[in-house]
Amino acid sequence: MGIIFHEKEKQFHLFNSQLSYCMGVCPDGELGQLYFGRKINENQKITYTQTKGVRPLCCNLKEDENYTKELSMLEYPAFGNGDFRTPAYEIKQKNGSRVTNLIYKSHSIYNGKKPLNGLPASYTNTDDEATTLEILCVDEVAKVEVTLFYTVWEKYPVICRHASIKNAGDEEVVLTKALSLCLDLPDVEYNWMQFEGTWGRERYPVERSLSNGTTQIESMRGHSSANYNPFVIVKRKNTDEFMGEAIGLNFVYSGNFVAQSEADTYGKLRILMGINPRWFEWPLAKGESFETPEVIISYSNSGLNALSQSIHGFMNNNIVRGKYKNTPRPILLNNWEATEMDFDEEKILKIAKKGKEAGVELFVLDDGWFGKRNDDYAGLGDWFVNTKKLPEGVKGLAKKVNDLGLKFGIWIEPEMVNEDSDLYRAHPDWVLAAPDRVRSLGRHQMVLDFSKKEVVDNIFDQLYVVFADANISYIKWDMNRSITECYSQGAAAGVQGMVYHRYILGVYSLYERLIKAFPDILFESCASGGSRFDAGILYYAPQAWCSDDTDAHERIKIQYGTSYGYPLSMVGAHVSASPNLQTGRAIAIGDRANIACFGTFGYELDLNEISEADFVEVKEQIKFMKEYRELLQYGDLYRLESPFEKNISAWMVVSKDKSTALVAVYKNLKSPNEGIVRIRLKGLDPDAVYTVDEKKELYGDILMEGGIQVPDGDKEWFFADGDFTSRMYILKKNVTK
Ligand code: DGJ
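This text gives an overview of the structure that appears in the document.

What counts as what
Numbering of residues starts from 1 in each chain and follows the order in which that chain's sequence is written. This being a predicted model, a pLDDT of at least 70 is required before a residue's local features are given, and a value of 80 or more before pairs of side-chain atoms are given or counted; all residues contribute to the totals for chains, interfaces and linings. Calculated side-chain values reflect all of the structure's heavy atoms, with hydrogen atoms and water omitted. Strands here mean DSSP runs of E at least two residues long; helices mean DSSP runs of H or I at least four residues long; both are numbered from the N terminus. In this setup the radius of gyration rests on C-alpha atoms only. A globule is expected at 2.2 Å times the number of residues raised to 0.38. Accessible area is worked out with a 1.4 Å probe on protein chains only. A residue is then buried under 20% of its type maximum, exposed over 50%, and partly exposed in between. What makes two residues a contact is simply this: any of their non-hydrogen atoms within 4.5 Å. To measure how exposed things are, a 1.4 Å probe is used in the Shrake-Rupley method; for residues, cover is taken only from the protein chains shown. Counted as positive: Lys and Arg. Counted as negative: Asp and Glu, with His and the chain ends omitted from the count. The atom standing in for a charge is NZ when the residue is Lys, CZ when it is Arg, CG when it is Asp and CD when it is Glu. In protein, a polar contact means a hydrogen-donor-capable atom and an acceptor-capable atom, both N or O and within 3.5 Å, with residues adjacent in sequence counting only if both atoms are side-chain atoms; elsewhere, any N or O pair within 3.5 Å suffices. We define a salt bridge as a side-chain nitrogen of Lys or Arg found within 4 Å of a carboxyl oxygen belonging to Asp or Glu. Lines are fitted to the C-alpha atoms to define the axes, a helix being fitted only along its stretch in contact, and any angle between axes, read from their N-to-C directions, falls within 0 to 180 degrees. We call two directions roughly parallel when the angle between them is under 35 degrees, roughly antiparallel when it is over 145, roughly perpendicular when it lies between 65 and 115, and oblique otherwise. The sense of a crossing depends on the near helix, which, turned anticlockwise from the far helix by less than a right angle, makes the crossing left-handed and, turned clockwise, makes it right-handed. Gly counts as polar in this scheme, as do all residues outside two lists: the nonpolar Ala, Val, Leu, Ile, Met, Phe, Trp, Tyr, Cys and Pro, and the charged Asp, Glu, Lys and Arg. Side-chain rings of Phe, Tyr and Trp (the six-membered ring for Trp) are treated as a pair once their centres are within 6.5 Å; stacked means planes under 30 degrees apart, edge-to-face means over 60, and tilted covers the remaining angles. Charge-over-ring contacts are defined here by two conditions on Lys NZ or Arg CZ: a distance within 6 Å of the ring centre and an angle within 35 degrees of the ring normal. Note: two strands are recorded as paired if DSSP finds a minimum of 2 bridges between them. Whether a residue is near a molecule or strand depends on its heavy atoms: it is near if one of them lies within 4 Å of it. Buried residues of nine kinds, namely Ala, Val, Leu, Ile, Met, Phe, Trp, Tyr and Cys, make up a nonpolar core once their side-chain atoms join them within 4.5 Å.

1. Some details on the overall build of the protein
Consideration 1: Check the secondary structure of the protein and you find 13 helices and 39 strands.
Consideration 2: For the protein, the C-alpha radius of gyration of 27 Å lies close to 27 Å, the compact-globule estimate for 737 residues.
Consideration 3: Along the longest, intermediate and shortest principal axes, the C-alpha atoms of the protein span 85 × 70 × 45 Å.
Consideration 4: Across the 737 residues of the protein, 63% fall into the buried class.
Consideration 5: Of the contacts formed within the protein by residues at least 6 apart in sequence, a portion of 69% connects residues at least 24 apart.
Consideration 6: Carbon and sulfur atoms make up 50% of the accessible area of the protein, which totals about 27400 Å².
Consideration 7: Across the protein, the 85 positively charged side chains and the 103 negatively charged ones have centroids separated by 1 Å.

2. Examining helix α9 (residues 552-562)
In an α-helix, one turn spans 3.6 residues, which is why side chains three or four residues apart end up on the same side.
Consideration 1: Across the 11 residues that make up α9, a large majority, 11, are buried.
Consideration 2: Among the residues of α9, Ala 552, His 553, Glu 554, Arg 555, Ile 556, Lys 557, Ile 558, Gln 559, Tyr 560, Gly 561 and Thr 562 are the ones counted as buried.
Consideration 3: For α9, the N-terminal capping position is held by Asp 551, with its side-chain oxygen 2.7 Å away from the main-chain nitrogen of His 553.

3. A few points about the pattern of salt bridges
Consideration 1: Applying the stated rule across the entire model yields 50 salt bridges.
Consideration 2: Its salt-bridge partner being Arg 85, residue Asp 264 comes within 3.9 Å of it at the nearest N-O pair. Of the two residues, Asp 264 is situated in the loop between β16 (257-263) and β17 (269-275) and Arg 85 in the loop between β4 (31-38) and β5 (89-92); the sequence distance between them amounts to 179 residues. No difference in accessibility class separates Asp 264 from Arg 85, as the two residues are buried.
Consideration 3: Salt-bridge contacts for Asp 187 lead to Arg 236; the nearest nitrogen and oxygen are separated by 2.7 Å. Of this pair, Asp 187 sits in the loop between β10 (173-185) and β11 (190-198) while Arg 236 is found in strand β14 (residues 228-236), placing the two residues 49 residues apart along the sequence.

4. What about the packing of α9 against helix α10 (residues 589-596)?
Consideration 1: Between α9 and α10, the shortest axis-to-axis distance is 9 Å and the interhelical angle comes to 15 degrees. Compared by their axis directions, α9 and α10 come out roughly parallel. Remark: the crossing between α9 and α10 carries left-handed chirality. Between α9 and α10, the contacting residues are Ala 552, Arg 555, Ile 556 and Gln 559 on the first element and Asp 591, Arg 592 and Ile 595 on the second.
Consideration 2: Classifying every residue of the contact of α9 with α10 gives three nonpolar, one polar and three charged.

5. Things to note about the packing of aromatic side chains
Consideration 1: Enumeration over the complete set of coordinates arrives at 36 aromatic pairs.
Consideration 2: Both rings, one in Tyr 511 and one in Tyr 540, keep their centres 5.3 Å apart while their planes meet at 20 degrees; by these two values the pair is stacked. Residue Tyr 511 is found in helix α7 (residues 499-517), and its partner Tyr 540 is found in the loop between α8 (535-538) and β28 (543-545); the two are separated by 29 residues along the sequence.
Consideration 3: According to the relative accessible area criterion, Tyr 511 is buried, its value standing at 0%.
Consideration 4: On the basis of relative accessibility, which here comes to 5%, the residue Tyr 540 falls in the buried class.
Consideration 5: In this structure an aromatic cluster arises from ring pairing among Phe 195, Phe 231, Phe 533, Tyr 560, Tyr 564, Tyr 566, Phe 598 and Trp 651.
Consideration 6: Directly above the aromatic system of Tyr 539 lies the positively charged group of Arg 321, at a separation of 3.6 Å from the ring centroid.
Consideration 7: For the cation-ring pair, Lys 682 lies above Phe 242, with the distance from its terminal atom to the ring centre recorded as 4.2 Å.

6. What to know about the environment of Ser 300
Consideration 1: Structurally, Ser 300 can be placed in strand β20 (residues 294-300).
Consideration 2: Look at Ser 300 and you get buried, because its relative accessible area is 3%.
Consideration 3: In this structure, the C-alpha to C-alpha distance between Ser 300 and Gly 222, residues 78 residues apart in sequence, is 31 Å.
Consideration 4: Not counting residues within four places of it along the chain, the set of residues in contact with Ser 300 comprises Gly 244, Glu 245, Ala 246, Ala 306 and Leu 307.
Consideration 5: Among the polar contacts listed, one links the side chain of Ser 300 to the backbone nitrogen of Ser 302, at a separation of 3.0 Å.
Consideration 6: Engagement of the side chain of Ser 300 in a polar contact is seen with the backbone oxygen of Gly 303, the distance being 2.7 Å.

7. Points about the sheet that holds strand β3 (residues 19-25)
Consideration 1: Here four strands make up an open sheet; going across it, the order is β1-β2-β3-β4 and the pairing antiparallel. Among the strands making up the open sheet, the edge pair consists of β1 (2-6) and β4. On average, each strand axis in the sheet is tilted by 15 degrees relative to the strand beside it, whichever way the strands run.
Consideration 2: As paired strands, β1 and strand β2 (residues 11-15) are joined by five bridges and run antiparallel to one another. Its bridge partner being in β2, Phe 5 is matched across the sheet by Phe 12.

8. Describing the sheet that holds strand β36 (residues 689-692)
Consideration 1: With respect to topology, six strands assemble into an open sheet ordered β32-β33-β34-β39-β36-β37, the strand pairing being antiparallel. Two strands bound the open sheet, and with one partner strand each, they are β32 (636-641) and β37 (696-699). Here the strands of the sheet are splayed against their neighbours by 25 degrees on average, with no regard to which way each runs.
Consideration 2: As paired strands, strand β34 (residues 660-667) and strand β39 (residues 725-733) are joined by eight bridges and run antiparallel to one another. Bridge assignment links Tyr 666 to a residue of β39, and that residue is Ser 726.

9. Thoughts on the site of the ligand
Consideration 1: The environment of the ligand is made up of 13 residues, and the closest members are Asp 366, Asp 367, Lys 476, Asp 478 and Asp 548.
Consideration 2: Asp 366 has a polar side-chain atom sitting 2.7 Å from an oxygen atom of the ligand.
Consideration 3: Residue Arg 443 places a side-chain N or O atom 2.8 Å away from an oxygen atom belonging to the ligand.
Consideration 4: Considering the ligand on its own, with 290 Å² of exposed area, one finds that the protein chains cover 97% of that surface.

10. Some thoughts on unusual backbone geometry
Consideration 1: In this chain, Ser 578 is followed by Pro 579 through a cis amide linkage whose omega measures 0 degrees.
Consideration 2: Among the secondary structure elements, Pro 579 is positioned in the loop between β30 (575-576) and α10.
Consideration 3: Of note, the phi angle at Ser 225 is positive, near 90 degrees, even though the residue is not glycine.
Consideration 4: Residue placement: Ser 225 occurs in the loop between β13 (213-219) and β14.
Consideration 5: Its identity is not glycine, yet Asp 693 carries a phi of approximately 50 degrees, on the positive side.
Consideration 6: Tracing the sequence through the fold places Asp 693 in the loop between β36 and β37.
Consideration 7: According to the relative accessible area criterion, Asp 693 is partly exposed, its value standing at 25%.

11. Digging into the pairing of β4
Consideration 1: Burial runs high along β4: six of the eight residues are buried.
Consideration 2: Strand direction decides the pairing type here: β3 and β4, joined by seven bridges, are antiparallel. What sits directly across from Ser 20, in β4, is Gly 37.
Consideration 3: Linking two consecutive strands that pair antiparallel, namely β3 and β4, is a turn of five residues; a positive phi of about 95 degrees is found at Gly 29 within it.

12. Re the nonpolar core
Consideration 1: Counting 201 residues, the largest nonpolar core has Trp 369 and Phe 467 as the members making the most contacts within it.
Consideration 2: The leading source of residues in this core is α7, at 10 residues.
Consideration 3: Setting aside residues no more than four positions away along its own chain, Phe 467 makes contact with Ile 410, Ile 412, Ile 472, Ile 475, Leu 514, Phe 518, Ile 521 and Phe 523.
Consideration 4: The next biggest cluster of nonpolar side chains, apart from the first, holds 21 residues, and it includes Ala 650, Val 654, Val 710 and Tyr 729.

Here's what the structure looks like:
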C-alpha cells in the first residue's frame, strides 16, 4: 500500500495489492482522474487517458487549444467553465456568479487517517493500516479552498474520499451543492445496481444498463430511506457473483443523499455521490469550512461476492466501534410483536422468564414503557416511565429481568414527539414546521428539530436519567417517520437550507454523547424496520433492525439484498410468530430460524404461546446459534443462488480458517416429483476432506465443483414438506486425512 507523487508529471498513484487509483494535474491546473481499477505498476506515468484534441463546439483553453474540460475525466468538477456534465459542487458568490475553477496548489501524504468533524467515518486502528493524501485546490477568484481527501487501505481494496470546502476570502459565499466525490470512468460499458424497496421490502437489488443521460437515486426524506439505499454498485455488464469487475460506493451518511451516474455522448461515465443538493444551502462566512461526509469506494475484479466480502470486512474492522466490534451478538427476545404496547410488568416478566428457559441472553422491552404511551397518539418526547405499567420503574423491571439471569434493554424514539406529550405542550416550537402551514403527521407524530442544540440537550438529559438509573445493556433506537415541512422555527431565513444536514448532525451528536456516557450499551438502529440502514448509522449502532417484515420467506430476499453492501453482523433478524403478522404466511419454526440466524438472531414473539414441540426446537436453535454465531456473523459469506431468480435459493458462510461452513438452502414453492438440484459451494479448502452433517465425507473440491445434492435421500424435502422450507448443512474439515 502506498501513495506516490510523480513530481515531474504531477501525477498521484494510490495503490495497494489489489487496486490503483491515479490522478494528475490537467493542463489548466485542475485535478483530473487518470485510472481506477486493478493494480497497475505504481511507477507507470499515465499519458493516454487525458483525452486531447480540438473539437467543434468544445471550449478550449487560450493557452492550450488541445485541452478541453468537456473531454476530460475530473476529480471534483465545477460548474460553469467548459465541463457540461453534472458538477460535484456549486458555490454562489456575493456578485451572483456560480462559476468556479479549482486549481491544484499543494498536497500532503501521511500515515493513518484523521477523523471527520461530527460525522461518522472510517477510522484506522493503527496508523499503518492506511495512508492518506490531502490535495489542496484553490479558486483564486472566489477565494475558496477545497481539500480533497483520499485514504487507501492496506488490507481492503478500498479508497475513502471526502472533501472540505473553506471560505478563505472576506466575503460570504453560499454552498448550494457539496457532494463527497466525483468518479469519472473512461467508458460506459457498465450496469448500475441499486438497492430499493419500501417499508417491509427493503434493499431489493435492481440492475439496469446505463445509457446516455443520467441515472439517479436519492432520498429527500431526511433519512437514508427504505426506498433507495445509499449504496450502489457500478459493474461490468457480464460481472456476476464470482467473476468480473465491480465498484461499490457506500455513503457514510444517514440523511438526504443522491447517487448519480451520467453517461455522456463521448462515451465516458461520471459517478457522483453526496448530500442531496435539493434544498441545501450552506453559507460560509470568512474562514468557515464545510466538511462533506465520506464515501467508501470498494473494488473487485473477481465478482460481486468478493466486493461484498471486502465491504463486510472493512465495515466490521474500520467503521464499527466499541465493545461489540467483532464480537458475537447477544441472542435477544423482543416483546413488540407479542404485546405491542399492551403490557404490564407481570406480562413482560412472564415472557422474559420463558425466554430465559429457552436460553435467550437479553430481553428487550419495546415501545410503550414511557409517558402516556398506550397507543401511538401519545407519549413520544416524555422519556420517563409509565408507572401504571411498570410500578417499580425501568430500574425495577431491569432488576427483575437481571435476576432471571438475562440482560435488559429498552426501546426509544428520541427524534420524535407526539402532540399529546408534556414536551410538545411545553415547546411547540421544537418541531420542524414551516410557518403558517399544515404540520403533516406520520404515525401521529412530529419530528423534533434536532438542528437546535437545546432540543438535543433536552433529550440527552431525559435519556441520561433513564439509562443511568437502570441496568441497561441494550438500546433499540427507532425512527418512524420522514421529515416534511423542513423548517427550523425561529431560525433566520438564510440558514433554513442547512436544516436537513444539521438535523442529522444532531442525531449523530446525541448518539456520540450517549455512547460516550454509556460505552457498554449495545445500540441497535431501527427506522420502521430498515429505513435508516446505512454505513453512517453503523458507526454508532453496530447492528440495525433489517425490516419490520419478519416473514422468513420475505426475509430471504431482504437479507440477501442487504448482504451486498452490509455485513451480517449488522443485520438485525428475529424469529417471529406464525402465521406472520405482516403477511399471514405460515412457516415452520425451524425454517424461520434458518433465515434469522444469518444475522444477529433473536425472537420477536411470546414463547409461552408456541407448542411444546416448537419450544423444544427453539432451545435447540439457541444452542446452535451460540455454537455458530461467530461464524454466522463474521465468517465469509458466499451468495450461491439468488431468491430473486429461482425457486431455490442458497448461501453459505465459511470460517476464516476454512475449517467450518454452514450452508442454507431455501425452497419457495413445493411441486411434486421435483428434479434434483446441485448447489456448488464456495470458499472451502479444495484439498481438505469435509464431513457434511456428520454423515458424508467429501473433498472440498468436489463440494465446490460438483456441489451438494438437494434433496439427497431426504424423503420429506422430496415428498411432503410443503412450501417455504429450508435445509441447513454443517461442514467440518477433518483434522487429519
Ligand atoms: C417500528 C419498529 O420497526 C418495530 O420493530 C417496533 O419497534 C415499533 N416501531 C414500535 O413502535
